[in-house]
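Structural overview
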Amino acid sequence: MTELLIRGGLVFGPDGPLEADVLVTDGVITRVDARGSTTTGETVIDARGMYVMPGAIDVHVHSRDPGFPEKEDFGTLTAAAALGGVTTVLDMPNTVPAVDAAGVLESKAALARPKARVDFGLWGLIRFSSSEDQLEELAAAGAVGFKAYLGYGFSTSRKQVLQSVDADDPDLEAPPDYGTLARLAPAIARLGLPLVIHAEDPAILSAFRRPLETYADLLESRPAEAEAVAISAAAAIARESGVSLHVAHLSSALGLRAAQDAMRSGARLTLETCPAYLWLSDQDFPRLGTSMKVFPPIRTAADRDALVKAAANGVIRIVATDHAPHTDEEKSRPFGEAPSGSPGVQTLYLSCLELAKRLGDVSLAPRWVSEGPAALAGLGQDKGAVATGFDGDLVIVDPLRKTQVRPALMRSRQRHSDLDGQEFGFVIRDVFLRGRPIVRDGKLTGRASGRMVRPARLKS
Ligand SMILES: [Zn+2]
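One structure accompanies this document, and this report is about it. (Residues numbered from 1 in each chain as written. Predicted model: local features only at pLDDT ≥ 70, side-chain atom pairs only at ≥ 80, totals over all residues. Heavy atoms only, no water.)

1. Remarks on the nonpolar core
Within soluble globular proteins, side chains that are nonpolar generally end up buried alongside one another. Rule in force here: Here, the term nonpolar core denotes a set of buried Ala, Val, Leu, Ile, Met, Phe, Trp, Tyr and Cys residues that are joined through side-chain atoms within 4.5 Å. Note on classification: 1.4 Å probe, protein chains only; a residue is buried when its accessible area is under 20% of the maximum for its type, exposed when over 50%, partly exposed between these limits. By definition in these notes, contact holds between two residues if any of their heavy atoms fall within 4.5 Å.
Of all hydrophobic cores here, the largest spans 134 residues; its most connected members are V89, F120, F146, L271, Y349 and W368. With residues near it in sequence (within four places) discarded, V89 still touches D58, V61, L77, T78, A81, V118, D119, F120, G121 and V345. Within the second largest apolar cluster, 18 residues are counted, among which are V24, I45, V386 and I396.

Structure below.
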């Protein structure tokens, strides 16, 4: 039996913050009670003056592994995650080969396991040609759900397996469209897993396509209408089939309004936004340059403020990163050619803590990064809370020290991010994965001990 006792911290449990001791026995939280009443465990951590929070679950990361080791791999991804207090990552399926079948998922899991410093789950890919059988097999192999990239087709020969429809690739299979979603949604609903969409309507993107020279070009080429239309259309399908629809990286006030309309009309919808959309606006482009080239784009201050408000009042329940590293060389290409994406997993918790503090309620942060994500991924029985019976995935946060985001601190292979230069009034001090230390005093410790997580099927 191994025991970990975290003594005297301010514990952010389901009933709000409380000064308490947390005992973890063989990886599972066995007691959360008032200070001083717990027996001594094998390892005792003094957390007086600290916050004790549930480990974050980043539901949207791109490990690039296998496929693009120059950008990232499971080792560097999960080192960055651990240092940021993220104890579970859910990896998107656009690695190489793309995760469109059970066998691919199984080999990806086998490759990730020995490198993973945190727990991980894997999303499956929906292709234009995907069959119900393929999705059933992916679910049986442990997929946490399915992702459809509207407008991105599967290339049958090229190394970069997902290509925008406008890419010049003779081997491009048609991208999944609303027909694909309507065809597969009933099966996904039966499986009790979420359907995730990259919500930008391809027809609207194609109508507004233009050369990208300035940031204004980017905003005009990917208007908020594209997001709103994709959400409304997918939500109509979700409502009919009963599937749980999850909107990745919500970026606009217009998209938010479409989502709220859909929720009111009975669709089962969850919303995710990313720190970049909550922190930045087009005004930051002169300072950040291509670091902030992401799809969908970071829009206006009014969009940002609408998203912050929706996160504060619980309409948006999940903040994830869309952690998508590239190389410095790729990101320093001219604006039109630089690939979209930025790393973020290491700053997820810190940025959410700072935003929550400014909104007057620090406990919003663990709700956005842990409780909401656990529910989405079907992990809510084991993860997402500091409470008896949950995994001992715990983060000790120092609320009196500051972290300034700078490349030298970052452990992702891509060290420049769109939050460069931001200062957050917290430090992630210690991180425990199922009761074992993976970060002590801001430094990685121990061997890779991450496990693959599997969802408890959502009840439909
Ligand atoms: Zn993504």
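2. Some words on the environment of V86
Heads up, the rule is: Secondary structure is summarised from DSSP: a helix means a run of H or I of at least four residues, a strand means a run of E of at least two, and numbering begins at the N terminus for each.
With respect to the element layout, V86 can be found in strand β7 (residues 86–91). A C-alpha to C-alpha distance of 14 Å links V86 and K443, two positions 357 residues apart in sequence. Non-local contacts of V86, meaning those with residues more than four positions away in its chain, are made with A56, D58, A81, V118, V345 and L348.

3. Topic: the sheet that holds strand β14 (residues 244–247)
Put simply, the rule reads: Paired strands, in this sense, are two strands between which DSSP finds at least two bridges.
Taken together, the six strands give an open sheet; going across it, the order is β9-β10-β13-β14-β15-β16, and neighbouring strands pair in parallel fashion. On the outer flanks of this sheet lie β9 (124–125) and β16 (318–319), each paired with one strand and no other. Relative to β14, strand β13 (residues 195–198) runs parallel, the two sharing three bridges. Opposite I197, over in β14, you have V247 as the bridge partner.

4. Examining the packing of aromatic side chains
Counted only if it meets this: In summary, the pairing rule links any two rings of Phe, Tyr or Trp, Trp by its six-membered ring, whose centres are within 6.5 Å, and it sorts them by plane angle into stacked for under 30 degrees, edge-to-face for over 60 and tilted for everything else. By definition, being over a ring means that NZ of Lys or CZ of Arg is both within 6 Å of the ring centre and within 35 degrees of the ring normal.
On inspection of all chains with the given rule, the structure shows eight aromatic pairs. Linked through ring pairs, F12, Y51 and F426 together constitute an aromatic cluster. Sitting over the ring of F295, R222 keeps its end group 3.6 Å from the ring centre.

5. Thoughts on the pairing of β14
Where we set the bar: Clockwise travel from the first strand over the helix to the second, with the strands pointing away from the viewer, marks a crossover as right-handed.
With burial as the criterion, each face of β14 is covered, one bearing S244 and H246 and the other bearing L245 and V247. Where β14 and strand β15 (residues 268–273) come together, four bridges link them in parallel fashion. Paired with L245 across the strands is L269, a residue of β15. Each parallel crossover has a hand, and the one from β14 via helix α8 (residues 253–264) to β15 is right-handed.

6. Quick look at the pairing of strand β3 (residues 28–34)
Across six bridges, the pairing between strand β2 (residues 16–25) and β3 is antiparallel. If you follow V24 over to β3, its bridge partner there is I29. If you look at the hairpin formed by β2 and β3, you'll find two residues sitting between the two strands, and D26 has a positive phi there, around 50°.

7. Comments concerning the sheet that holds strand β6 (residues 56–61)
Within a beta sheet, neighbouring strands are joined by backbone hydrogen bonds and run either parallel or antiparallel to one another. Heads up, the rule is: What counts as an axis is a line fitted to C-alpha atoms, over the stretch in contact for a helix, and the angles between N-to-C directions run from 0 to 180 degrees.
Taking strand neighbours across the sheet as the criterion, the three strands line up as β6-β7-β8 in an open arrangement whose pairing is parallel. Looking at the sheet topology across the chains shown, the edges are occupied by β6 and β8 (119–122). For this sheet, the mean inter-axis angle between neighbouring strands, taken without regard to orientation, is 20°. The pairing of β7 with β8 spans four bridges and is classified as parallel. Note that in β8 the partner of V89 across the bridge is F120. Relative to the sheet, helix α2 (residues 102–112) contacts β7 and β8, its axis offset from that of β8 by approximately 165°.

8. Points about the packing of α8 against helix α11 (residues 301–312)
Put simply, the rule reads: Residue polarity follows a fixed list, in which Ala, Val, Leu, Ile, Met, Phe, Trp, Tyr, Cys and Pro are nonpolar, Asp, Glu, Lys and Arg are charged, and the others, Gly among them, are polar.
Contact geometry for α8 and α11: axes closest at 8 Å, N-to-C directions at 35°. Taken together, the residues of α11 that come into contact with α8 (itself represented by A253, L254 and L256) are D303, A306 and A310. Of the residues that constitute the contact of α8 with α11, the class distribution is five nonpolar, no polar and one charged.

9. Focus: the coordination of the zinc ion
This is how it is decided: Donors, by definition, are the N, O and S atoms found within 2.8 Å of a metal, the threshold being 3.2 Å for Na, K and Ca, and water is not counted, so a site can look incomplete.
Summarising the metal site, the zinc ion is bound by the protein donors H60 (NE2), H62 (NE2) and D322 (OD), whose distances to it range over 2.1 Å. In terms of primary sequence, the donors binding the zinc ion are separated according to H-x1-H-x259-D. Taken individually, H60 and H62 each receive the classification buried, so the pair is uniform in this respect.

10. Overview of the packing of helix α3 (residues 132–140) against helix α4 (residues 178–191)
The condition that has to hold: In what follows, roughly perpendicular refers to angles from 65 to 115 degrees, roughly parallel to angles under 35, roughly antiparallel to angles over 145, and oblique to any angle outside these ranges. Crossing handedness: left-handed means the near helix sits turned counterclockwise from the far one by under a right angle, and right-handed means the same turn made clockwise.
Packing of α3 against α4 leaves a shortest axis separation of 10 Å and a crossing angle of 25°. By the angle between their axes, α3 is roughly parallel relative to α4. The interaxial crossing formed by α3 with α4 has right-handed handedness. Contact residues: α3 offers E132, L135, E136 and A139, while α4 offers R183, L184, A187, I188, R190 and L191.

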